[in-house]
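If you want the building blocks of each chain, they are given just below.
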Amino acid sequence: MAAASPSSDMFDEIVMAEERFHGEGYQEGYAEGSHVGVAEGRRYGSLHGAKIGSEIGCYLGFALTWQCLLQKCTDEKNGKKIRALDSLIGMIQKFPYEDPTYDKLQEDLEKIRGKFKQSQPIGLQLSMMNAPLQ
């Protein structure tokens, strides 16, 4: 009876090998997938963050340029345009660049985009007024 026990243990090892290898493979695959997922997420986040930063930088450059150009004009119409540009600049300055966990990041970005679209005609109107006549 003692001789039967070692042979049944050997068969048990063979039968259980599939389950053991499956479990080990799962653990190795999970660890590798987690590592690759973190690296891919970091690359995606860097790329997406750079795009947002570039977009907001463009808006800020637009607003600051037109603000400087309009400060020379003091009529009421330009005062309204300057206030719109000041509002856009204020929104951009309050934007949380360094906090990717900020809950309202997308909402604030959409508000900035909307304010930029509202301010865009300022640049178009002024550039048309100052365009050289042929």
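Describing the overall build of the chain
So, point 1. A tally of regular secondary structure across the chain gives three helices and zero strands.
So, point 2. The linear arrangement of helices and strands in the chain, starting from the amino end, is α-α-α.
So, point 3. Within the span of the chain, comprising 134 residues, buried residues form 22% of the whole.

As for the nonpolar core
So, point 1. Among the nonpolar cores identified, the biggest contains 17 residues, and Ile56, Leu85, Leu88, Ile92, Phe95 and Ile112 are the most heavily contacted of them.
So, point 2. Elements represented by at least two residues in this core include exactly α1 (4-70), α2 (76-94) and α3 (105-129).
So, point 3. It is α1 that contributes the most residues to this core, seven residues altogether.
So, point 4. The contacts of Phe95, once residues within four sequence positions are left out, are Ile52, Ile56, Leu105, Asp108, Leu109 and Ile112.

Some thoughts on the pattern of salt bridges
So, point 1. Taken as a whole and judged by the stated rule, the model has three salt bridges.
So, point 2. Each of Glu55, Glu110 and Arg113 takes part in salt bridges that share partners, so that together they form one network.

Side note on a nonpolar patch on the surface
So, point 1. On the surface, Met10, Phe11 and Ile14 cluster together into a nonpolar patch covering about 340 Å² of accessible area.
So, point 2. Within the secondary structure, Met10 is located in helix α1.

What to know about the packing of aromatic side chains
How two aromatic rings sit relative to each other is given by the distance of their centres and the angle of their planes.
So, point 1. Under the counting rule described, the total for this entry stands at four aromatic pairs.
So, point 2. Both rings, one in Phe95 and one in Tyr97, keep their centres 5.5 Å apart while their planes meet at 70 degrees; by these two values the pair is edge-to-face.
So, point 3. Note on Phe95: relative accessible area 6%, which makes it buried.
So, point 4. Residue class for Tyr97 comes out partly exposed when judged on its relative accessible area of 48%.

Re the confidence of the model for the chain
So, point 1. Per-chain confidence: the chain averages 81 in pLDDT, with 84% of residues scoring 70 or above.
So, point 2. No element of the chain has a lower mean pLDDT than α3, at 77, and none a higher one than α2, at 88.
So, point 3. Taken as a whole, residues 128-134 scores under 50 in pLDDT and shows zero contacts with residues more than four places along the chain or in a different chain.

Details of α2
For the α-helix, the turn length of 3.6 residues means that residues three or four positions removed from each other point alike.
So, point 1. Helix length check: α2, at 19 residues, gives a terminal C-alpha distance of 27 Å against a target of 27 Å (1.5 Å per residue), a fit within 8%.
So, point 2. For α2, every residue scored as buried is listed here: Asn78, Lys81, Ile82, Ala84, Leu85, Leu88, Ile89 and Ile92. Along the axis of α2, the buried residues cluster in a sector spanning 160 degrees; they form a single face. Looking at α2, the residues exposed on the side facing more than 90 degrees away from the buried face are Glu76, Lys80, Arg83 and Lys94.

So, how was this worked out
- Residues numbered from 1 in each chain as written.
- Predicted model: local features only at pLDDT ≥ 70, side-chain atom pairs only at ≥ 80, totals over all residues.
- Heavy atoms only, no water.
- Helix = DSSP H or I, 4+ residues; strand = E, 2+ residues; numbered from the N terminus.
- Buried < 20%, exposed > 50% of the residue type's maximum accessible area, 1.4 Å probe, protein only.
- Core = buried A, V, L, I, M, F, W, Y, C linked by side-chain atoms within 4.5 Å.
- Contact = heavy atoms within 4.5 Å.
- Salt bridge = Lys/Arg side-chain N within 4 Å of Asp/Glu carboxyl O.
- Patch = residues over 30% accessible without salt bridge, like charges linked within 9 Å, V, L, I, M, F, W, Y side chains within 5 Å.
- Areas by Shrake-Rupley, 256 points an atom, 1.4 Å probe, with all protein chains shown as cover.
- Phe/Tyr/Trp six-rings, centres within 6.5 Å; stacked < 30°, edge-to-face > 60°.
- pLDDT = per-residue confidence, 0-100.
- Expected span 1.5 Å × (residues − 1).
- Arc of directions from axis to C-beta.

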